[in-house]
Amino acid sequence: MESSGGQLGSFVKAVAFAAEKHRNQRRKDADASPYINHPIALANVLANEGGVSDATVLCAAVLHDTIEDTETTENELTTTFGSHVSSVVLEVTDDKSLEKHVRKQRQIEHAPHISTEAKLVKLADKICNLRDILASPPANWSAERKQAYFDWASKVVAGVRGVHPNLEAVFDGLVARHAELR
Ligand code: NDP
Ligand code: ZN
């Protein structure tokens, strides 16, 4: 991707954009952590655990929840970051007009058919959410609810396997650690 500030400039712009969009949101953990920690965590996993340097992937990672969880539109992302970043974000965005169980089933069904860039973002998203559930889970989630999330995330990740074996091993390690804790 191109921009006047280069790839690093684009990435910093995406971080600033996501921070502004998520500024009033919090995660579901007991401490209600700032929401932006999560999109930044995805980029950190991709860049520093996965060695991913593709600016389109890193920008899409920090922007991945903007359309789904804020007022951000596809057109706004296209204008600001270009059509490639925008299309990757759209690929990892649930259709919130659908019922929750339908949305979750669609993620499982669609994962094998999305782009390589979107598969990387999706894999990092699931790694970060499993880590959050292990370290700072949503308040009031029972052991069964956590297990249901791990089972569902494993089904989604089954559909992206082959995209990044090292990050898939990170995901598998988290599933194994959770199983040991039970
Ligand atoms: P929820 O939307 O209820 O909660 C999980 C989502 O919340 C994550 O995907 C993440 O989404 C976000 N999140 C915010 N804070 C945290 C945090 N601290 N730790 C982890 N996640 C956080 O769950 P889902 O709709 O994603 O449900 C996934 C699956 O779980 C379902 O398909 C079903 O299999 C199962 N389920 C089980 C239920 C039960 O009672 N047993 C009820 C509902 C679902 P993001 O990255 O987008 O911010
Ligand atoms: Zn997410």
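Residues numbered from 1 in each chain as written. Chains lettered and ligands numbered in written order. Predicted model: local features only at pLDDT ≥ 70, side-chain atom pairs only at ≥ 80, totals over all residues. Heavy atoms only, no water.

A. Seen up close, the packing of aromatic side chains. What the rule picks out here adds up to three aromatic pairs. Aromatic pair Phe17 and Phe81: ring centres 5.3 Å apart, planes at 85 degrees, arrangement edge-to-face. You can see Phe17 sitting in helix α1 (residues 6-21) and its partner Phe81 sitting in helix α5 (residues 74-81), a full 64 residues away along the chain. Of the two residues, Phe17 and Phe81, neither departs from the other in class, the shared state being buried. Consider the rings of Tyr149 and Trp152, whose centres lie 5.3 Å apart with planes at 65 degrees: the pair is edge-to-face. Here the residue Tyr149 and the residue Trp152 both occupy positions in helix α9 (residues 143-158), the gap between them amounting to three residues, near one helical turn. Given the relative accessible area of 12%, Trp152 is considered buried. One residue, Arg145, lies across the ring of Trp141, its end atom 4.0 Å from the ring centre. (Phe/Tyr/Trp six-rings, centres within 6.5 Å; stacked < 30°, edge-to-face > 60°. Helix = DSSP H or I, 4+ residues; strand = E, 2+ residues; numbered from the N terminus. Buried < 20%, exposed > 50% of the residue type's maximum accessible area, 1.4 Å probe, protein only. Lys NZ or Arg CZ within 6 Å of the ring centre and 35° of its normal.)

B. Highlighting the coordination of the zinc ion (ligand 2). Looking at the zinc ion (ligand 2), the protein donor atoms are His38 (NE2), His64 (NE2), Asp65 (OD) and Asp125 (OD), and they sit 2.1 to 2.6 Å from it. The exposure class assigned to Asp65 is buried, which follows from its relative accessible area of 7%. (Donors = N, O, S within 2.8 Å, 3.2 Å for Na, K, Ca; no water.)

C. Structural detail: the side chain of Glu117. Take Glu117: it is sitting in helix α8 (residues 116-135). Notably, Glu117 is buried but unbridged: the nearest opposite-charge side chain belongs to Lys119, and the N-O separation is 9.5 Å. Here His84 takes part through its side chain, which lies 3.4 Å from a polar atom of the side chain of Glu117. Ignoring anything within four residues of it in the chain, the contact list for Glu117 reads Asp54, Val57, His84 and Val88. (Lys, Arg positive; Asp, Glu negative; His and termini not counted. Salt bridge = Lys/Arg side-chain N within 4 Å of Asp/Glu carboxyl O. Polar contact = N/O pair within 3.5 Å; in protein donor to acceptor, adjacent residues only side chain to side chain. Contact = heavy atoms within 4.5 Å.)

D. The environment of Val163, seen in detail. Note on placement: Val163 falls in the loop between α9 and α10 (165-181). For the pair formed by Val163 and Gly51, sequence separation is 112 residues and the distance between their alpha carbons is 13 Å. Apart from residues lying up to four places away in sequence, Val163 is in contact with Thr116, Lys119, Leu120, Leu123 and Glu168.

E. Quick look at the site of ligand 1. The environment of ligand 1 is formed by 19 residues, the closest being Arg27, Lys28, Tyr35, Lys100 and Tyr149. Arg27 places a side-chain nitrogen or oxygen 2.6 Å from an oxygen atom of ligand 1. Asp125 places a polar side-chain atom, nitrogen or oxygen, 3.2 Å from an oxygen atom of ligand 1. For ligand 1, the accessible surface in isolation is 890 Å², of which the surrounding protein chains cover 75%. Listed by contribution, the elements that provide at least two residues to the shell around ligand 1 are α7 (100-110), α8 and α9. In the shell around ligand 1, the residues fall into seven nonpolar, three polar and nine charged. (Near = heavy atom within 4 Å. Areas by Shrake-Rupley, 256 points an atom, 1.4 Å probe, with all protein chains shown as cover. Nonpolar A, V, L, I, M, F, W, Y, C, P; charged D, E, K, R; others polar.)

In short, the description is geometric, and any link to function would need to be established separately.
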